[in-house]
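# What the coordinates show
Okay, here's what each chain looks like letter by letter:
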Amino acid sequence: MTIIIQEDSFSISKMISELSEKDNVGAVVSFSGYVREFSKERQLKYMELEHYPGMTEKALESIIQKAKSRWDIEETTIIHRVGKLSPKDIIVGVTVSSKHRSNAFMACEFIIDFLKTDAPFWKKEISIKGEVWVAERQEDIIKKTKWNKLD
Amino acid sequence: MRWVLMKKLWLAKIMNLKLLFFANLREQFGFSYKEINLSKKVSSPEEFLLVMRNQIGGEWVNLFENKKLYKVAINQNLSSWKDHILEGDELAIFPPITGG
């Protein structure tokens, strides 16, 4: 597994091709998340992303381990950006490879669902109206709970 | 005389904790990391907040009263306010996570 936290941008297509070139890969599923221009009717100027170094990497590693124990997957890469991000910028990329597609599909969704609630990142939105720390979304908590119910 | 003073200082610092704040708490308290020397041993993050509220007050009063709105990690593992903490532990307090 590869886990990278960085300020710089990255290419999701490069992440996909890197996994597809490895042995035993029949499928690569990817998720990429971007900064939206609008949030609750407020036009975003930019966003600041903060994280807890050390715990972030540990949390992401633990999420990938959980996914590996549930599905037969080959490789996983997570890249998450921190620092100042502008509208339309890429924030996060998750790629999962497997022999057959369904395992990679499920594992990729599982990883991003848990990343949303368990990996210590915080977003602050800066708009013309001022600054606001983003509140957690109930939908994210419900999505994570659904996986727990499947156990 | 000096020995008495040193003993007093030593007794005053019963427990050391590494405290981290993130996001809005970092802004409210004005720091992200501090080594805290407590004059009283505490066994949980909740008790730690209680001691800080009683001894320092200010922002700690709000944090103690609103602790249910925040999360706590002990040595980089998500924990509960009633979990056990030990000498030298790293305690992080932060709002709910909003990454991805």
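Cut-off values and rules
Residues numbered from 1 in each chain as written. Chains lettered and ligands numbered in written order. Predicted model: local features only at pLDDT ≥ 70, side-chain atom pairs only at ≥ 80, totals over all residues. Heavy atoms only, no water. pLDDT = per-residue confidence, 0-100. Helix = DSSP H or I, 4+ residues; strand = E, 2+ residues; numbered from the N terminus. Pairing = 2+ DSSP bridges. Axes fitted to C-alpha atoms, helices over the stretch in contact; angles between N-to-C directions. Contact = heavy atoms within 4.5 Å. Core = buried A, V, L, I, M, F, W, Y, C linked by side-chain atoms within 4.5 Å. Buried < 20%, exposed > 50% of the residue type's maximum accessible area, 1.4 Å probe, protein only. Buried area = accessible area lost by both parts, 1.4 Å probe. Salt bridge = Lys/Arg side-chain N within 4 Å of Asp/Glu carboxyl O. Polar contact = N/O pair within 3.5 Å; in protein donor to acceptor, adjacent residues only side chain to side chain. Nonpolar A, V, L, I, M, F, W, Y, C, P; charged D, E, K, R; others polar.

All names here are of chain B. Mean pLDDT over chain B stands at 91; residues scoring 70 or higher make up 87%. Strand β5 (residues 90-94) holds the highest mean pLDDT among the elements of chain B, 98, whereas helix α1 (residues 2-12) holds the lowest, 59. If you check the scores for this complex, the pTM reads 0.90 and the ipTM reads 0.89.

Residue and element names in this part refer to chain A. Strand order in this open sheet of 4 strands is β1-β5-β7-β2, and the pairing throughout is mixed. At either end of the open sheet lies a strand with only one pairing partner, and these are β1 (2-6) and β2 (27-34). Across the sheet, the mean angle separating the axes of adjacent strands is 5° when strand polarity is ignored. Sheet topology places β1 next to strand β5 (residues 76-81); 5 bridges connect them, and they run parallel. By the bridge assignment for β5, T2 is matched with T77. In the packing of helix α1 (residues 12-20) onto the sheet, contacts are made with β2, β5 and β7 (90-98), and the angle to β7 comes to roughly 15°. On top of the sheet, helix α2 (residues 55-70) reaches β1 and β5; it is set at about 150° to β1, its chief contact.

With that out of the way, let us pick up the nonpolar core. Side chains of a nonpolar character, in soluble globular proteins, are inclined to be buried together. All names here are of chain A. With 30 residues, the main nonpolar core has V94, V96, F110 and I111 as its most contacted residues. When contributions to this core are tallied by element, the ones reaching two or more residues are β4 (42-51), α2, β7 and α3 (101-118). Broken down by element, this core gets its largest block of residues, 8 residues, from α3. When neighbours within four sequence positions are excluded, V94 is seen to be in contact with I12, M15, V29, S30, F31, T77, I78, C108, I111 and I112.

A few words now on the interface of chain A and chain B. Taken together, the contacts link 24 residues of chain A with 20 residues of chain B. Summing the contributions of chain A and of chain B, the shared interface buries around 1,800 Å²; its carbon and sulfur component is 56%. On the chain A side of the contact with chain B, Y52, M55 and W122 of chain A bury the most area, a combined 35% of that side's loss. On inspection of chain A and its partner chain B, the count reaches 2 salt bridges. K124 of chain A serves as the salt-bridge partner of E27 of chain B, at 2.4 Å between the closest nitrogen and oxygen. At the surface where chain A touches chain B, the tally comes to 13 residue pairs in polar contact (both at pLDDT 80 or more). Looking at the side of chain A that touches chain B residue by residue, the classes come out as 13 nonpolar, 4 polar and 7 charged.

Attention shifts here to the sheet that holds strand β1 (residues 15-21) of chain B. Residue and element names in this part refer to chain B. The sheet built from 5 strands is open, its strands ordered β2-β1-β5-β3-β4 with mixed pairing. Pairing within the sheet leaves two strands with one partner each, and these edge strands are β2 (33-38) and β4 (77-79). Looking at each pair of strands side by side, their axes are set apart by 30° on average, direction ignored. Examined bridge by bridge, β1 and β5 share 4 bridges and lie parallel to one another. In the strand pairing of β5, F21 is matched with I93. Where helix α3 (residues 45-55) meets the sheet, it contacts β1, β2, β3 (71-74) and β5, and its direction lies at approximately 80° from that of β2.

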